[in-house]
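# Notes for the structure review
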Amino acid sequence: MDKKDNEFQKRIQATFRIEAEEHLHAFSAGLIELEKTQSEKKKTELVEVLFREVHSLKGAARSVDQKDIEYVCQPLESIFSSLKRGEITLSPLSFDLFYETAEWLSKHIVISGSEHTDASRQNRQELIQRLKEMVSGKSFASVLQKPSAGDIETSHLPQSDPIP
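Let me sum up the structure you'll find in this document.

## Side note on the nonpolar core
Looking at soluble globular proteins, one finds that nonpolar side chains tend to be buried together. With 34 residues, the main nonpolar core has Phe16, Phe27, Ile69, Leu76, Phe80, Phe98 and Leu105 as its most contacted residues. Secondary-structure elements contributing two or more residues to this core are helix 1 (3-36), helix 2 (40-63), helix 3 (67-84), helix 4 (92-108) and helix 5 (118-135). The element best represented in this core is helix 2, accounting for 8 residues. The contacts of phenylalanine 98, once residues within four sequence positions are left out, are Phe27, Leu31, Leu76, Ile79, Phe80, Leu90 and Met134.

## So, the pattern of salt bridges
Applying the stated rule across the entire model yields 11 salt bridges. Across the pair lysine 84 and glutamate 48 runs a salt bridge whose closest N-O atoms are separated by 3.0 Å. Of the two residues, lysine 84 is situated in helix 3 and glutamate 48 in helix 2; the sequence distance between them amounts to 36 residues. When its relative accessible area of 26% is taken as the criterion, glutamate 48 is described as partly exposed. Note that lysine 67 and aspartate 65 form a salt bridge whose closest N and O atoms lie 3.1 Å from each other. Sharing partners across several salt bridges, the network here consists of Glu48, Arg52 and Lys84.

## What about empty space enclosed by the protein?
Taken as a whole and assessed by the stated rule, the structure comprises 1 cavity of 30 Å³ or more. Space inside the largest cavity adds up to approximately 40 Å³. Lining of the largest cavity is provided by His23, Leu24, Phe27, Glu53, Val54, Leu57, Cys73, Leu76 and Leu105. When residues of the lining of the largest cavity are traced back to their parent elements, those giving at least two are helix 1, helix 2 and helix 3. A per-class count over the lining of the largest cavity returns 7 nonpolar, 1 polar and 1 charged.

## So, the packing of aromatic side chains
For the structure on display, the rule yields 4 aromatic pairs. With centroids separated by 5.9 Å and ring planes inclined at 85°, the aromatic side chains of phenylalanine 27 and phenylalanine 80 adopt a geometry described as edge-to-face. Here phenylalanine 80 lies in helix 3 and phenylalanine 27 lies in helix 1, a separation of 53 residues in the sequence. Between phenylalanine 95 and phenylalanine 98, the aromatic rings sit 5.9 Å apart at their centres with planes inclined by 90°, giving edge-to-face as the arrangement.

## Details of the layout of surface pockets
The computed volume of the second largest pocket comes to approximately 330 Å³. In this structure, the second largest pocket is lined by 16 residues; those nearest its centre are Leu34, Glu40, Lys43, Leu83 and Leu90. For the lining of the second largest pocket, the secondary-structure elements that each account for two or more residues are helix 1, helix 2, helix 3 and helix 4. Per-element tally for the lining of the second largest pocket: the top contributor is helix 2, with 4 residues. Here the lining of the second largest pocket is built from residues that sort into 7 nonpolar, 5 polar and 4 charged.

## Topic: unusual backbone geometry
One non-glycine residue with positive phi stands out, namely aspartate 65, at about 60°. Its location among the elements puts aspartate 65 in the loop between helix 2 and helix 3.

Rules used in this analysis
- Sequence order as written defines the numbering, with residues in each chain counted from 1.
- With the structure being a predicted model, the display of local features is reserved for residues of pLDDT at least 70 and the display and counting of side-chain atom pairs for 80 or more, all residues being used for whole-chain, interface and lining totals.
- Heavy atoms from the whole structure form the basis of all side-chain values; hydrogens and water molecules are not counted.
- Here, nonpolar core means buried Ala, Val, Leu, Ile, Met, Phe, Trp, Tyr and Cys residues that are tied together by side-chain atoms lying within 4.5 Å of each other.
- Buried, partly exposed and exposed residues are distinguished by accessible area as a fraction of the type maximum, computed with a 1.4 Å probe on protein chains only: under 20%, between the cut-offs, and over 50%, respectively.
- Strands here are runs of E lasting at least two residues and helices are runs of H or I lasting at least four, both read from the DSSP assignment and numbered beginning at the N terminus.
- Whether two residues are in contact is decided by their heavy atoms, any of which lying within 4.5 Å being enough.
- Between Lys or Arg on one side and Asp or Glu on the other, a salt bridge is scored when a side-chain nitrogen of the former is within 4 Å of a carboxyl oxygen of the latter.
- The rule is simple: put a 1 Å grid over the protein atoms alone, call a set of points where a 1.4 Å probe fits but cannot get out a cavity, call an open set with protein on both sides within 12 Å along at least five of seven lines a pocket, and count a residue as lining if it has an atom within 4 Å of a point.
- Grid points are joined across faces, edges and corners, and a volume is the space filled by probe spheres set on the points.
- Under the scheme applied here, ten amino acids are nonpolar (Ala, Val, Leu, Ile, Met, Phe, Trp, Tyr, Cys and Pro), four are charged (Asp, Glu, Lys and Arg), and all others, including Gly, are polar.
- In summary, the pairing rule links any two rings of Phe, Tyr or Trp, Trp by its six-membered ring, whose centres are within 6.5 Å, and it sorts them by plane angle into stacked for under 30 degrees, edge-to-face for over 60 and tilted for everything else.

Here it is as structure tokens:
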């Protein structure tokens, strides 16, 4: 890659970070509002807004090859899609997982793919698994608990394609 291409890539990544931070800020603000509102109509509107923010962040990440962010956004987007269709419902515990996901995304927006550690990738895979379990309707006790390395018994975990 020549110097001109490298500079272009840096500008694209900088633009992505700005856009991603805007989507994440809107997502976080929407979560807070959703958690506080009692109006079903307002909840429906907020779920739609949150869905669009996650969808846009996923698309932006895909366009600049930020696969870690894209892979976390996919099951999060599925959750909000299921919420829109009334297939799952929110509980106070679900917000813990949403806020944890927003925090993970915030930390990883500025990291390029080559800078991720094995621990970071393991953390991402655990987060993705918990999000997938939420959308599939598994109990929140198992979804929200972070398993420690010694606590994981893989024989009962669903098999899925490995995520690079």
